[in-house]
Amino acid sequence: MSEIPAKATESEDPSEGARAMAADGLASAVGGALAADGVQSGDAMWQSSPPGSIYDYIKVASFSIGPDGLVDQWSLRAEHLFGIPAERAVGMDPIETFIDPRLRERGMRKMAEILDGREWTGVVPFRMPKGAEGECGNEGLAEVYVMPTRTEEGEKAAVCIVVDVRTLRSIETDLAASQAIFSQSPFGFLLIDPDLRVRRANHRFASIFGGSPDDHRGKGVHDYLQRGEAERIAATLRRVLETGNSITDMHVTGFVPGSDERRHWSVNLYRVHSGSGRPIGIAWLGTDITSRRAAAREAAAARRNLALLNEAGARIGNSLDLETTARQLLDVVVPGFCDLATVDLYQGLLVGDETPPGLADGSAELRRVAFASAVSDAPFAGTGVPVAVGAVHHYPFNSSCADALRTARPQTVPGEDGGLVQSTLAVPMVAHDTVVGLVQFARTKGSEPFGDRDRDLAVELAARAAVCIDNARLYRREHQRALILQRSLLPPGDPEASGLDIACRYLPGNANTGRPSEVGGDWFDVIELPGHRTALVVGDVMGRGLRAAVAMGELRTAVRTLAQLDLEPAEVLSQLDEIARGLGAPGGVQQATRAARRPREADLSEVYLATCVYAVYDSVTRRCTFANAGHLPPVLVEPGEPALMLDVPPGLPLGVGGEPFEEVEVELPEGALLALYTDGLVESRDHPLDEGLQAFVSTLSDPTQPLEDVCDHVLNTLDTHHGEDDIALLMARVQGLPTESVGDWTLPREPRSVGRAREYARAQLLSWDMEPLVDTTELLVSELVTNALRYGEGEIRLRLLLDRTLVCEVWDSGLVQPRRRRARDTDEGGRGLQLVGLLSAAWGSRRTPRGKTVWFELPLPGGETSLTDPAEALLSLF
C-alpha cells in the first residue's frame, strides 16, 4: 500500500489538506478507479468528480489521526457528516468523542493497534458529541477504513475513511424498490437518454413490441411509430428535456408488430435528474387505452344519439304543417348525423287523399318536400337523377328506394364511383303501420360509414317524423273540412241590403302566417227583413276546431230563422241563449234547463258559449236597434266626426242564461259608417284589448272612402297577422231610402177605405213609372185592406216602399196574425191569402209595438223575376 504524507504542504488550509489526503487514500484503496479528471501525475490538489458520481448520493468523509491519537486533519465532508467544524474537531480524541462509553476500551485497543501500523476496517456505531451543531445525542452507524501513514517526522499516524452505512442501506433499498417497480410494472416503462434513445426498457414494454428489454436499447421513437406521429413525440420529448415540464396523459397512436389494429396509449413524461440535479434523461410511462378509447367512442356515440333523439323530440312536431315538419327533421340530422338528407312524401298525401296512397311496388308518385346539405346546395343525387325540392317523381321498381318503400325496411345504397356521396340510408317513414314517405340520409366520402347503431337511429328518427307528419296530415284534413264548413255557413259573395252599402272580411286563424291552425267560431251575417229592413249579425263561438265551427253553423241558422220571424233584437238573443244552452245537453234546451235547476258538476267540454251583437236597421227611418250578448261594442263614424264606440249594454254571453238583454235604438245619419267585428281584429298576445280597440277606432278616420278600401286599410294597419284567432269584420255605410220612394197613408176603418187604398196605390205607382205593377198591386192591396177591416182593429195604415223591390205594408192594431189555409171547392171565401201568395214574390206578417203588419213584395219590371199573370193565378185557385 502506498503511503501519502499526513499533511499536504501545498495547502495552507488544514481541512483542505485532510480532504486531499483522504481522497488520495481512497483512490489508492480502490485501485485508482475514481481518479480525478484532469489531474497530472504528482498533483496534490483534489479535483471533484464529474456530476452524476456515486458521491452525489452516499455520505463519505475523511480525517487523519496524529501520533497522539488525536484528530489533526478534518475534511469538509466530515464537517457535513458529523456536524462538527474543523476548528473544533482538530485536537479531539475520536474515541472519547464519538464512541459509546461501553465500547471505548475496545476502541482504545484498536487505536493503539492502528498507531502501531496496522490497517483496520469495520462497522462502528457512533454518536454525535454534545455541543455539536447537529442534534445532540444522535446515533449513527459508520463503516470505517483506517490506513496507517507517517508524518513528516516519521511518526506513525493514520488516515480514516468513513462511510455512513444507513445512507448506503437507504440507497440499496431505493435501488431494490426502483428495480421492482421498473421490472414488475404493468405499464410500459422506458428510460430515454438525452439523445432520445432508449437506455432501458421494462418487460411490459418488451412484451408489447417484441424481444427482450435489452433488444430495445439504443432505439428511438421512429423505430416504433409512423413518421408524423414519431416527429410529434420527438418534439415533445425534447421540450420536456429542455423545460423540465411534465406531460400527463399524452395520447399516442401507432401499431404493434404483427397487428394491423391501430392502438392508442396514454403516456406520461417527466425529466429524470441526477443527485446533483443534472438532467440525465426522460422517464416514459405508457398505458394501453385502446379498449378504453373504443368504449369511450361507444359511449360518446350513445350520448350523441340520445342527444339527437332528445333534440328531435323537442324540435320535430312543433308545427302541424307537413313541409315544416319535414324541414325540422333535416334541421336536426344535418350536419350532426349526416351530410345530406332529403324527405319525399307521397303526392296523394299532400293533396288530401283520405288515406296515404302507395302502390304495392313502391313506385307511386312522391314529392320532394325538403332537402338539406352541409357540403353543397346542389340537388341531392345520391340515388339517381337529381330532384329539386317541390318536384314530383317516382323511384324505379328495381331501385333500393322503391324496395324500402315496398318492404317498409331501411336500405343501404352505396355511393357512385367518382361521386360525392359515400353511402346513403334510405329509410321509409312509417306511421301507424302505414308508409307515408321516404327519408334519405347520406354521408360524403371521408366521413365515417353508417353502422348498425346509425341505422337504428335513422329508423327511430324517421318513425318520429312520420308520426308527426301523419298527425299533421290528419289535422290538415280536419282543418280543411272545418274551414270548408265554416265558409259554407258564411254569406256567399258580397251581401246586399236595402239602404246600406255593405263590405265584409273574414280571415281564418293563421291564414296570413302560412301555418295551419284550428278554425274558430267567428261568423257574420246580413239578413234582409220585410219592409226594406236589414239585420246585421256578428258573433264568436268560444273555442276552436270542428266543434266550434259546427256550433257556429247551428247558431247562425237559428239567427236567420228567428230573424225571419221578425222578432225584436233582444228577443232574438234570448232565444239564441236558450238554443246555445241546449247545444251542450243531449236532450236539448229543455234537458239543459232541467239540468241547470239541480246541482251538478259542470262539464266544460259540453258548454257552448258565444258572444253576439244583433242589429236591425230600418232604411226608411234610418234607425238601428242594437242588442248585445257579451260582444265588443259597435263602432259608429258619423260624417265629419271622429269614430266612437256605441254604448250598447253588454249582456251575458249566449249559453250562460238567466239575464234578459237590453236594446238600444240609434238614429244613423246619412253617410254614417257602422262597423261590427270580432275580438281577433283588436286583441292578441302582444296587444291588449283596450290598446287594440283604440287602434281600430283611430283607423276609421275617413269614412268617405269606398268601403272596400276602408276594410283593406283596417286590416293592413292593425296587427291582423298574429294568426291566433279568426277575424270577422262587417262594415255598412248608411244610405237611407229617399222620401220620394216612400208612400204612406192612413185609412179610416170603413168599407170605402178599400177603394181609396187602391187609388192611392195606383197613383203612387204611376208616379214611379211602375205601370206594369198597377193591376197586381191594386188586387193585393185590396185583399190586405179588406182583411184588416174584417179581422183587424183600429185605423189602417198603408205604406208602399220602392227600392230594389216594391214592398206594400198594411198596418192595423189587431194582434191576431193572418193564417193561410187551403179553401175547399165549395167555400166562398178563404182564398185571399192564397192569392197574395200566388201573385207576390214573398209575403208575411209581423208583430209591431202597436199591432201587426201584413206585407207582400213584388219584383220590379225588367228584373230577373217575372210577374205572375193575375188571371192565371185566379184560375189556379179553382
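Basis of the calculations
Residues numbered from 1 in each chain as written. Predicted model: local features only at pLDDT ≥ 70, side-chain atom pairs only at ≥ 80, totals over all residues. Heavy atoms only, no water. Salt bridge = Lys/Arg side-chain N within 4 Å of Asp/Glu carboxyl O. Helix = DSSP H or I, 4+ residues; strand = E, 2+ residues; numbered from the N terminus. Buried < 20%, exposed > 50% of the residue type's maximum accessible area, 1.4 Å probe, protein only. Pairing = 2+ DSSP bridges. Axes fitted to C-alpha atoms, helices over the stretch in contact; angles between N-to-C directions. Contact = heavy atoms within 4.5 Å. Left-handed = near helix turned anticlockwise from the far one by under 90°. Expected span 1.5 Å × (residues − 1). Arc of directions from axis to C-beta. pLDDT = per-residue confidence, 0-100. Parallel < 35°, antiparallel > 145°, perpendicular 65-115°, else oblique.

Enquirer: Looking at this model, I keep getting lost on the pattern of salt bridges. Mind explaining?
Expert: Side chains that carry opposite charge are capable of pairing whenever their charged atoms lie near each other. In this structure the tally under the stated criterion is 39 salt bridges. The salt bridge partner of R533 is D566, with a shortest N-O separation of 2.4 Å. One end of the pair, R533, is in strand β19 (residues 533-544); the other, D566, is in the loop between α14 (546-564) and α15 (569-583), and 33 residues separate them in sequence. In this structure R533 comes out as buried when scored by relative accessible area, which is 12%. With a shortest N-O distance of 2.4 Å, E578 and R581 are connected by a salt bridge. Taken together, the residues E578 and R581, both in helix α15 and three residues apart, mark about one turn of the helix.

Enquirer: Could you clarify how one ought to interpret the sheet that holds strand β10 (residues 279-288) in this entry?
Expert: Hydrogen bonds between backbone atoms are what pair the strands of a sheet, whose relative direction is either parallel or antiparallel. Sheet architecture is open: five strands sit in the order β7-β6-β10-β9-β8, paired in antiparallel fashion. Edge strands, defined here as strands with exactly one partner in the open sheet, are β7 (198-201) and β8 (247-254). Direction aside, the axes of adjacent strands within the sheet are offset by 30° on average. Bridge count between β8 and strand β9 (residues 263-273): six bridges; the pairing is antiparallel. Bridge assignment links H251 to a residue of β9, and that residue is S266. Contacts from helix α9 (residues 290-315) reach β8, β9 and β10, with the element oriented near 125° to β9.

Enquirer: What's the story with the side chain of Q764 in this structure? I'm lost.
Expert: Along the polypeptide, Q764 turns up in helix α19 (residues 752-767). You can call Q764 buried: its relative accessible area is 15%. Not counting the four nearest positions on each side in its chain, Q764 is found in contact with E740, G743, W745 and L800.

Enquirer: What is the right way to look at unusual backbone geometry in this model?
Expert: The general pattern is negative phi for most residues beyond glycine and trans for most peptide bonds. With an omega of 0°, the peptide bond between V334 and P335 qualifies as cis. Along the polypeptide, P335 turns up in the loop between α10 (322-333) and β11 (340-346). Although it is not a glycine, A408 sits at a positive phi angle of roughly 60°. Along the chain, A408 turns up in the loop between α12 (400-407) and β14 (411-414). Exposure remark for A408: the relative accessible area of 36% places this residue in the partly exposed category. In this model, H532 sits at a positive phi of 50°, which is unusual for a non-glycine residue. Structurally, H532 can be placed in the loop between β18 (520-529) and β19.

Enquirer: Would you mind going over the packing of α19 against helix α20 (residues 774-791) with me for this structure?
Expert: A pair of packed helices can be characterised by two numbers: the angle between their axes and the separation between those axes. At their nearest, the axes of α19 and α20 sit 9 Å apart, and the two run at 150° to each other. For α19 against α20, the interelement crossing comes out right-handed. Taking contact as the criterion, the partners of S753, V754, A757, R758, A761, R762, L765 and L766 in α19 are, on α20, V774, D775, T777, E778, V781, S782, V785, T786 and L789.

Enquirer: Mind showing me how you'd approach helix α8 (residues 227-243) here?
Expert: Owing to its 3.6 residues per turn, the α-helix aligns residues three or four sequence positions apart on the same side. Under the 1.5 Å per step criterion, the end-to-end length of α8 is 24 Å for 17 residues, consistent within 8% with the ideal 24 Å. Of all the residues in α8, the buried ones are E229, A230, I233, A234, T236, L237, V240 and L241. End-on view of α8: buried residues confined to an arc of 165°, all on one side of the axis. Among the exposed residues of α8, those pointing more than 90 degrees away from its buried face are R227, G228 and E242.

Enquirer: Got a minute to help me understand the confidence of the model for the protein in this structure?
Expert: Detailed conclusions should not be drawn from predicted coordinates in areas where pLDDT is low. Model confidence for the protein is summarised by a mean pLDDT of 81, while 82% of its residues fall at 70 or above. Predicted confidence for residues 1-51 stays below pLDDT 50, and this span has 64 contacts to residues more than four positions away or in other chains. Taken as a whole, residues 511-516 scores under 50 in pLDDT and shows 12 contacts with residues more than four places along the chain or in a different chain.

Enquirer: Whenever I open this one, the packing of α9 against α10 confuses me. Can you help?
Expert: Viewed as axis vectors pointing N to C, α9 and α10 meet at an angle of 155°, and their least axial separation amounts to 10 Å. Relative to α10, the element α9 lies roughly antiparallel. As α9 packs across α10, the resulting crossing turns out to be right-handed. Across the interface between the two elements, L308, E311, A312 and R315 from α9 touch Q328, D331 and V332 from α10.

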